[in-house]
Amino acid sequence: MPRKTESDHIEETRNTLLDAVLPHVAFDGWTNQMLEHAIAESGVDAGLGHLAFPRGGIDMALAFHYRADRHLAEELAGPKAKANLESLRIRERIAYAVRRRIELVADDREAVRRGATLLTLPMNAAEGAKALWNTADVIWTACGDTSQDYNWYTKRAILSSVYSATVLYWLGDQSEGAARTWEFLDRRIENVMQFEKAKAAVRSNPLMKLALWGPSQILSQVKAPGMGPGAGPGRAS
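About the cut-offs
- Residues numbered from 1 in each chain as written.
- Predicted model: local features only at pLDDT ≥ 70, side-chain atom pairs only at ≥ 80, totals over all residues.
- Heavy atoms only, no water.
- Phe/Tyr/Trp six-rings, centres within 6.5 Å; stacked < 30°, edge-to-face > 60°.
- Helix = DSSP H or I, 4+ residues; strand = E, 2+ residues; numbered from the N terminus.
- Lys NZ or Arg CZ within 6 Å of the ring centre and 35° of its normal.
- Axes fitted to C-alpha atoms, helices over the stretch in contact; angles between N-to-C directions.
- Parallel < 35°, antiparallel > 145°, perpendicular 65-115°, else oblique.
- Left-handed = near helix turned anticlockwise from the far one by under 90°.
- Contact = heavy atoms within 4.5 Å.

Visitor: How should the packing of aromatic side chains be read in this particular structure?
Guide: In this description, an aromatic ring pair is defined by two values, namely the gap between the centres and the angle between the planes. Inspection of the entire model under this criterion finds five aromatic pairs. Taking 6.0 Å as the distance between ring centres and 50° as the angle between the ring planes, the aromatic pair formed by W133 and W152 counts as tilted. Of the two residues, W133 is situated in helix α8 (residues 125–142) and W152 in helix α9 (residues 150–171); the sequence distance between them amounts to 19 residues. Looking at R109, its charged tip hangs above the ring of W170, at a distance of 4.5 Å from the centre. When the ring centre of W140 is taken as origin, the NZ or CZ atom of K155, which lies over that ring, is 5.0 Å away.

If you want it as structure tokens, here you go:
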């Protein structure tokens, strides 16, 4: 059995502290005081606890978000889920993955609400956007996206918007089984598909194609992360 590294111990500590704090976040939010409470309740070494979450509440909220992303990626990579996704149309794959991402945190709705509030504060907005981007990247990757140009970015930007809007709707949805949320999600994806159809129509129009030749040449040089020259910032972790 391989020997555990320092990173392994820190990751285990993060999970232990998250599990300890989640029952209390609904009432007290993602705060530094909650980190101290989780350390005391779990028996984790205080030094290791602060090493795992050096900025306290904000780091815990982000770790909660990224942990759900990892769980989604692992689930969708499983043989059964992968086969299921491959049998669906692309819009159905996206809807299914977004729904599963929300369902994974359904038992911690108030923790999600508190996290969303914290990550939309001006000082945390950049990290909140990065977290949403990571979720969109996980979903598109699981759904088989192979784009390598600027479409890699536009797909994730649009899905980030769809996902965040759906989560906000879900937070206020009291319908049975969140039925209204899934209807809302379907409408948002339909809007995106209509936009994609409009783009395709523009590209097929000879006059518009000529007008957009210059911008298209520029955008064609944009590469997805890891695709060589012109690559943008690395994918969110």
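After presenting the structure, the write-up continues.
Visitor: Even after reading the chapter, I still don't get unusual backbone geometry, so can you show me in this structure?
Guide: Excluding glycine, residues mostly have negative phi values, and the peptide bonds linking residues are mostly trans. Its identity is not glycine, yet A178 carries a phi of approximately 55°, on the positive side. Here A178 is to be found in the loop between α9 and α10 (179–204).

Visitor: Looking at this structure, I do not really get the packing of helix α4 (residues 57–76) against helix α7 (residues 109–119). What am I missing?
Guide: A pair of packed helices is captured by two measures, namely the crossing angle of their axes and the spacing between those axes. Two numbers describe how α4 lies on α7: the axes approach to 10 Å, and their chain directions differ by 120°. When the axis of α4 is compared with that of α7, the two are oblique. Here the hand of the crossing between α4 and α7 comes out left-handed. Across from G57, I58, A61, L62 and F64 in α4, the residues of α7 making contact are A111, V112, L118 and L119.

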